[in-house]
Amino acid sequence: MSPPAQPGVPGGRGSKVPPARKLLCMCSLSLCLTYLCYSLMGGTGPGALRSPAALPGTAAPGAPRSPAAPPGTAVPGAPRSPASPPGSSGAPAPSAAPTRASNSSREGAAGAWLRAPLAPGEVITAQSGAFERDLQESSTTDEELSRAGSTGSRGGSGSTTPDYGEKRLPQALIIGVKKGGTRALLEAIRAHPDVRAVGTEPHFFDRNYEKGLEWYRNVMPKTLDSQITMEKTPSYFVTNEAPRRIHSMAKDTKLIVVVRNPVTRAISDYTQTLSKKPEIPTFEVLAFKNRTLGLIDASWSAIRIGIYALHLENWLQYFPLSQILFVSGERLITDPAGEMAKVQDFLGLKRIVTEKHFYFNKTKGFPCLKKPEDSSAPRCLGKSKGRTHPKIDPDVIHRLRKFYKPFNVMFYQMTGQDFQWEQEESDK
C-alpha cells in the first residue's frame, strides 16, 4: 500500500503538474527524438540542420567538412592537400592533388558534349552593369563576391544560369596582366558553353587567401562535369606568393597570361589611375628616379608590371611552361578569333567562339562581342576601356623602350614566342 500523498510535494499522488510545464517537456522530448533520428540518417538533405560553422559563405552546399574548420585549414574529404596560410613557413605539399579529374579525362568529358543549354555572353546578375565598370580598377567587395557565388549566375544580357551542378575550385585562371586585355579575354571565353567564370575578381591568392579554399569555392559559379570553372585576377601575375598558393590548390591548374607592349601597358595603367586621381604627378615625373641621368624608376608599379621575364621566373618554379598560355593583347584586338582559337585549344575545348562572335567597333578601337544567333546589338566593354592616353614626351617613350628591350628579349626566349613589340615601335 503506497503512502498517502503529501500536499504540495512534487511527485506525490495528490500533486498536479502545470499544463504549461507538461507541454514544454513533451516538445523537448519530441525535438530530441527528431534530432536523434536525423543524426542516425546522416542529415544531408536540402533541409538538413547545420551547425553555426556551416553558414552560407563558409562552404559549398553539401561539401564535406569538419563542424568548425577555421578558414585556411584542411577540409576532410576535400580533394586537395592543405594550403599553407599566409605567413607560414611550411613549404607547399608536393602531392597537392587537382580538384577535378586529370586533363585527359576532362577533355574526354568535354568531347562527349553533354552541354547545358546556356546562352553565350551572359553576365553576373549580381552586377547588372558589369560592362560599365572596370572591375580591375577597384577592389571587389566581399558583398559582391558573396552575391556572385550565391546566385550561381553569369551574365551579359541579364539572363541567369539554371541552378544546377556543383561549385568547384577553378581549373584555369587568367592571372595577368593588368591593362593587358584580361577583361576582353574573360568576356570572350565566357561565350563558350563549356566555360563558367565568375565576373568579379576574387583576389583570393593575393588579398583573401586567409579566408580559405571553401570561401573561394563558394564564390565560383556552379558547373557540370563537362564544364570548366574559371576566374581572372590580373594582379596574381605580380604577386610573389600566388604561384605557390595556386600550386598547393591544384598543381595541374592551367594559367593564362595576357601580355601587351610594356610601354603601352604602362601608359594605359597611368591613364587609369589619372582618371581617378587627377592630382597625381605627370607620367614623366613618375617614370624616372632621375630624369637628367635617365634612370627609370622600376619600383613604380606601372613600370614594374611590364618586366614580364622577372615575374615569369617566379611562376616557372612551380608550373611547367606547357601549363601557361601567353595571349597577345595586341592580337586580341586585331585578330580576336585567332587568339581565342589558341585559348580554346589550350583549355581542351571545341572551337566555338569564332569570328561570328566579334564585331570591330571603330569608335572604341577594339572588338565587341555579339550574339551570333540573334540580331541584338554588339556588347562592348564599358567606358573605362579604350580611354584616350595623355600625350607623353617622345624622349620618355624612347628611354622606356630601351629600358624594356633586354627584358622583352629575355621574355621571348623564356616563352619561345616573339611578340614583336620592338617591330611595332619601329613602325610608328
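Residues numbered from 1 in each chain as written. Predicted model: local features only at pLDDT ≥ 70, side-chain atom pairs only at ≥ 80, totals over all residues. Heavy atoms only, no water.

Another point: the side chain of E201. Within the fold, E201 resides in the loop between strand 3 (195-197) and helix 5 (213-219). Note on E201: relative accessible area 0%, which makes it buried. Engagement of the side chain of E201 in a polar contact is seen with the side chain of K232, the distance being 2.8 Å. (Helix = DSSP H or I, 4+ residues; strand = E, 2+ residues; numbered from the N terminus. Buried < 20%, exposed > 50% of the residue type's maximum accessible area, 1.4 Å probe, protein only. Polar contact = N/O pair within 3.5 Å; in protein donor to acceptor, adjacent residues only side chain to side chain.)

Here the focus is the nonpolar core. Grouped together as the largest cluster of nonpolar side chains are 34 residues, with contacts concentrated most on F205, Y216, W315 and F411. Setting aside anything within four residues of it in sequence, one finds W315 in contact with I175, Y236, F237, A242, P243, I246, L255 and I324. Membership of the second largest hydrophobic core comes to 24 residues, among which are A188, M340, L349 and L369. (Core = buried A, V, L, I, M, F, W, Y, C linked by side-chain atoms within 4.5 Å. Contact = heavy atoms within 4.5 Å.)

Turning our eyes to something else, we now look at helix 12 (residues 336-346). Within helix 12, eight of the 11 residues are buried, which leaves it mostly tucked inside the rest of the structure. Inspection of helix 12 places P336, A337, E339, M340, A341, V343, Q344 and F346 among the buried residues, and these make up the whole buried set. One or two residues past the end of helix 12 sits G348, with phi positive at roughly 75 degrees.

Turning our attention to the sheet that holds strand 5 (residues 228-232). Spatially, 3-5-2-6-9 is the arrangement adopted by the five strands of the open sheet, whose pairing is parallel. Single-partner strands in this sheet number two, and they are strand 3 and strand 9 (324-328). The average undirected angle you get between the axes of adjacent strands in this sheet is 25 degrees. Pairing of strand 3 with strand 5 involves three bridges; the strand directions are parallel. Bridge assignment links A197 to a residue of strand 5, and that residue is M230. Each of strand 2 (172-176), strand 6 (254-259) and strand 9 is contacted by helix 10 (residues 308-315), which is oriented at about 160 degrees to strand 9, the strand it contacts most. (Pairing = 2+ DSSP bridges. Axes fitted to C-alpha atoms, helices over the stretch in contact; angles between N-to-C directions.)

Following the criterion strictly, the structure yields 12 salt bridges and no others. As a salt-bridge pair, E187 and R190 come within 3.1 Å of each other at their nearest N and O atoms. Each of the two residues, E187 as well as R190, counts as buried. A salt bridge links R351 to D345, with the shortest nitrogen-to-oxygen separation between them at 2.4 Å. In this structure D345 comes out as partly exposed when scored by relative accessible area, which is 40%. (Salt bridge = Lys/Arg side-chain N within 4 Å of Asp/Glu carboxyl O.)

This part is about the packing of helix 7 (residues 262-276) against helix 13 (residues 394-415). Two numbers describe how helix 7 lies on helix 13: the axes approach to 9 Å, and their chain directions differ by 125 degrees. By the criterion of interaxial angle, the relationship of helix 7 to helix 13 is oblique. Facing P262, V263, A266 and I267 of helix 7, the residues of helix 13 in contact are I397, L400, R401, Y404 and N408. Across the contact of helix 7 with helix 13, the residue classes break down as seven nonpolar, one polar and one charged. (Parallel < 35°, antiparallel > 145°, perpendicular 65-115°, else oblique. Nonpolar A, V, L, I, M, F, W, Y, C, P; charged D, E, K, R; others polar.)

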